[in-house]
Amino acid sequence: MSRQEARARGEGSAADAPYTGAVASEIAAPEPPRVVPGARLSDPSRFINRELSWLDFNERVLELAEGHEHPLLERVKFCAIFSSNLDEFFMVRVAGLQRQIVSGLAVRSPDGSTPQHALAEIQERVRGLVARQSRLWREELAPALAAEGIHLARVEDCAADEEAELAERFEREVYPVLTPLAVGPGQPFPYISGLSLSLGLFVRDPGSGEERFARVKVPEGLPRFRQVGSRGVLVPLEDLIGHFLDSLFPGMEIVERSAFRVTRDADFEVSDEADDLLEAVELEVRRRRFGDVVRLEVEGTVSERMLERLLEGLDATPDEVVRIDGMLDLADLMQVAGLDRPELKDEPWLPVTQPRLEGRDARGLFAELRRADILVQHPYDSFSTSVDAFVRAVVRDQDVIGVKTTVYRTSDESAIMPTLIQAAEEGKQSVCLVELKARFDERRNIEWSRALEQAGVHVVYGFRNLKIHAKTTLVVRREGDKLRRYAHVGTGNYNAVTARLYEDFGLFTADEQIAADIADLFNYLTGFGRPQRFRKLLVAPFTLRSRLLEEIRAVAAAAAAGTPARIRIKVNALTDNAIIDELYHASQAGAEIDLMTRGICCLRPGVPGMSERIRVRSVLGRFLEHSRVFEFSVGDETRVFIGSSDLMPRNLDHRIEVVVPVEDPRVRAEIGSTLDVVLADNASAWTLGADGAWSRVHAEKGQRLRPTHAVLMRRALSLGRRRSGVRRAR
């Protein structure tokens, strides 16, 4: 049955269904947001559409590629990121909207949009953004690369000796892995996997006049761009294949050749009936490549006849077509951005060691934690000499008897997995909560979990309906005649690779109550029982939402009473209706509110009578802003929390998230100083207006530029931090 027929019959499932997980009975429903008489807190227009807000974010990424504040290959990188972001958006969000339509349910988003209306808006916006990206690449980035000796060219543009070299390499390296698939009697239209680049062909037999459609897949295991000759020429693989098609269809005439690319629904749900979560996730990962088509990208020069053939064979619809004037799949420009041309990139940044951790062995690290909490901020502070050192202490300190940790996304470079294995082999208790459902990292996490189990680590997968997104590690150490626990709570993953690219906070503490809360949480997740009341932690889906609402209301009450009151929140996304409405109420009460949302923001700031005291900004640049910080100030008292949760229903209701209070005044001050830097950024920031439009922040005439990441790099060095004895001036 085609998808068109399924839509007519109303089959499918709605995305973002209400939470009905294993612990749903434990979750207290959030109190309804307070509505001030006369305020417009019942009008759907108070919310910005979630999907369009995400497209605004990706447009800001594209602006980084368009601007000249970053070196050339960094701009190429942002151009590639724009495309890879868009791929995931279609695989997950657009696919979800399509499933809502197929379900036949009259689902409206909080801003009042139907899925049909949202899809129409998305399609219009995406076509405009993709056309803008194509012009940028064709008219500016590619010529700028050529001026630097990096030439992207077609085979026919190459010199004779270069073409001869390409012919030899095609025969040796490419031809053996190609499989032409023609459609005809007994040969159905081939399956086209998601995100694969293909050549669609009409091939004619000059003798009989018979003509057939054929498809040649551009091999995914080969580099997209082939370097040839001595002058830095890069030839796209699809052009190389297209130039030598005669060897695939000997004696035939190639009537038409057009590149195309398919995006499929890649979001999946694990059935509640699954007995083995590991096997269930493996099955769904295999199914992912067979999802429905959600986008068909074609060259702008494709004929209507070819397009009709592709739509028919793929069971796709015309509104899913995106025509591209130029090269498809610019996400592969990451290969170009990775060229060894340091003069065309940002100056390398070497993370520095947090001063209190410098020169500490395992025992010294724990002694320093007993003295006071330690805060690190990546990538300014080294992940290796902080988080990895904390984990490695498990095996280097003979007094450590156990370790428990969570893994959402990790990397082969991180110490956490090898350390868990070594600790288990030494007889120390090792427990790892592996989130198998971390989207697009499922295969890696499955492989790691099997390796851990084989080494004797206790591996737990959590719940079918509840992702474990918390970033926590607990170390148990024997000290004299008692046991003491040490903890790390972070805002980012235990991933050494992304820790060099993502901005995140991590808190190391020996606080007994925080450690006890984390221990209770681990016991709940690995055992069988009801969660107990947490002493200090804010944990989703149990207490996080209600506690954040309480904090916002306390600030609002103080402001209403005439006390200076302020809220500063830094997250990746803000979409939760109850949180947004409570922030509106706090603004109406007189509180000053600054929101720093890197990506999606559904709150509409600056609306008279509703949100005129709320300001929203987004910082994008060299590093990916990723930390989650919640600061609530009343008079001279400030409460600060950091953790893993964004302000989205999926985080507050559908995931295990951990947010920890920051009680050390010096650590609170350091976090507050970072927020000050973000809010003072006049070089890599955008602000959100009441009309929902984002505007770039520009320095005033004569004002010194204050880009967040450069300022924080300078601050890290100015505090006397060192890594491997290296100091550099910026």
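These remarks concern the structure in this document. Starting from 1, residues in each chain are numbered consecutively following that chain's sequence as written. Where totals are concerned, whole chains, interfaces and linings use all residues; where local detail is concerned, this predicted model gives features only for residues with pLDDT of at least 70, and gives and counts side-chain atom pairs only at 80 or more. Only hydrogens and water are removed before side-chain values are computed, so all heavy atoms of the structure are retained for them.

## Section: the side chain of Glu503
Helix and strand assignments follow DSSP, with helices taken as H or I runs no shorter than four residues and strands as E runs no shorter than two, numbered in order from the N terminus. Residue placement: Glu503 occurs in strand β17 (residues 502-509). A 3.5 Å cut-off defines polar contacts: any pair of N or O atoms within that distance qualifies, except that in protein one atom must be a possible hydrogen donor and the other a possible acceptor, and neighbouring residues in sequence count only when both atoms are side-chain atoms. A polar side-chain atom of Glu503 sits 3.1 Å from a polar atom in the side chain of Gln377. A distance of 2.8 Å separates a polar atom in the side chain of Glu503 from a polar atom in the side chain of Ser627. Those residues within four positions of Glu503 in sequence are excluded, and the remaining contacts are Gln377, His378, Pro379, Tyr380, Lys570, Leu624, Glu625, His626 and Ser627. Residue contacts are defined here by distance: any two heavy atoms, one from each residue, within 4.5 Å place the two residues in contact.

## Structural notes on helix α18 (residues 665-680)
Here α18 spans 22 Å end to end across 16 residues, near enough to the 22 Å set by a 1.5 Å rise per residue. Here's how the labels work: a residue is buried when its accessible area is under 20% of the maximum for its type, exposed when over 50%, partly exposed in between, all with a 1.4 Å probe on protein chains only. Considered for burial, the residues of α18 that qualify are Val667, Ile671, Gly672, Thr674, Leu675, Val677 and Val678. Where α18 starts, the residue carrying a side-chain oxygen 2.8 Å from the main-chain nitrogen of Arg666 turns out to be Asp664. Here a helix's expected span is defined as the number of its residues, less one, multiplied by 1.5 Å.

## Thoughts on the environment of Asp576
Looking at the secondary structure, you find Asp576 in the loop between β19 (565-571) and α16 (577-589). Note on Asp576: relative accessible area 3%, which makes it buried. A C-alpha to C-alpha distance of 9.3 Å links Asp576 and Asp646, two positions 70 residues apart in sequence. In contact with Asp576, not counting residues within four places along its chain, are Arg545, Leu647, Met648, Pro649 and Leu652.

## A short note on the layout of surface pockets
Its volume calculated, the second largest pocket comes out at about 570 Å³. The method works on a 1 Å grid over the protein atoms by themselves. A cavity is a set of points holding a 1.4 Å probe that cannot get out, a pocket is an open set with protein on both sides within 12 Å along at least five of seven lines, and residues with an atom within 4 Å of a point line them. Taken together, 23 residues line the second largest pocket, and the ones lying closest to its centre are Arg154, Pro236, Glu299, Gly326 and Met327. Mapped onto the lining of the second largest pocket, the elements with two or more residues apiece are α4 (115-147), α6 (237-243) and β7 (253-264). If you tally residues by element for the lining of the second largest pocket, the top one is α4, at four residues. Grouping the constituent residues of the lining of the second largest pocket by class yields eleven nonpolar, four polar and eight charged. Grid points are joined across faces, edges and corners, and a volume is the space filled by probe spheres set on the points. Ten residues, namely Ala, Val, Leu, Ile, Met, Phe, Trp, Tyr, Cys and Pro, are considered nonpolar, four, namely Asp, Glu, Lys and Arg, are considered charged, and the remaining ones, Gly among them, are considered polar.

## So, the pairing of strand β16 (residues 482-490)
Where strand β15 (residues 472-479) lies against β16, eight bridges are found, and the strand directions are antiparallel. Paired with Thr473 across the bridge in β16 is His488. Following DSSP output, two strands are said to pair if at least two bridges run between them. From the end of β15 to the start of β16, which pair antiparallel, there are two residues, and Gly480 there has a positive phi angle of about 70°. In the sheet, β16 pairs with β17 via four bridges, with the strands oriented antiparallel. Bridging across to β17, Ala487 finds its partner in Thr509.

## Side note on the nonpolar core
Counting 115 residues, the largest nonpolar core has Ile241, Leu333, Leu583 and Leu603 as the members making the most contacts within it. At 13 residues, helix α3 (residues 72-103) tops the list of elements feeding residues into this core. When residues no more than four places from it in sequence are discounted, the contact partners of Leu333 are Val76, Cys79, Ala80, Trp137, Phe225 and Met327. Throughout this description, the term nonpolar core refers to a set of buried Ala, Val, Leu, Ile, Met, Phe, Trp, Tyr and Cys residues connected via side-chain atoms within 4.5 Å. Counting residues in hydrophobic clusters, the runner-up holds 39 residues, among them Ile514, Phe522, Tyr524 and Val629.

## Examining unusual backbone geometry
In the segment running from His378 into Pro379, the intervening peptide bond is cis, with an omega of 5°. The omega torsion of the bond from Ala540 to Pro541 falls at 5°, within 30 degrees of zero and hence cis. Relative to the assigned elements, Pro541 resides in the loop between β18 (538-540) and α15 (544-560). Positive phi is not limited to glycine here, since Leu195 has a value of about 65°. Along the polypeptide, Leu195 turns up in the loop between β2 (181-182) and β3 (197-204). On the basis of relative accessible area, Leu195 is assigned to the partly exposed category, the value being 28%. Unusually for a residue other than glycine, Asp329 sits at a positive phi of about 55°.

## Here's the deal with the pattern of salt bridges
By definition, a salt bridge exists where a carboxyl oxygen of Asp or Glu is found within 4 Å of a side-chain nitrogen of Lys or Arg. One pass over the full model with this rule turns up 69 salt bridges. Its salt-bridge partner being Glu173, residue Arg226 comes within 2.2 Å of it at the nearest N-O pair. Placement of the pair is Arg226 in strand β5 (residues 225-228) and Glu173 in helix α5 (residues 160-174), with a sequence separation of 53 residues. With a relative accessible area of 24%, Glu173 lands in the partly exposed category. For Arg553, the salt bridge identified is with Glu582, shortest N-O distance 3.2 Å. Here the residue Arg553 occupies a position in helix α15, and Glu582 occupies one in helix α16, the gap between them amounting to 29 residues. This pair shows no difference in class: Arg553 is buried, exactly as Glu582 is.

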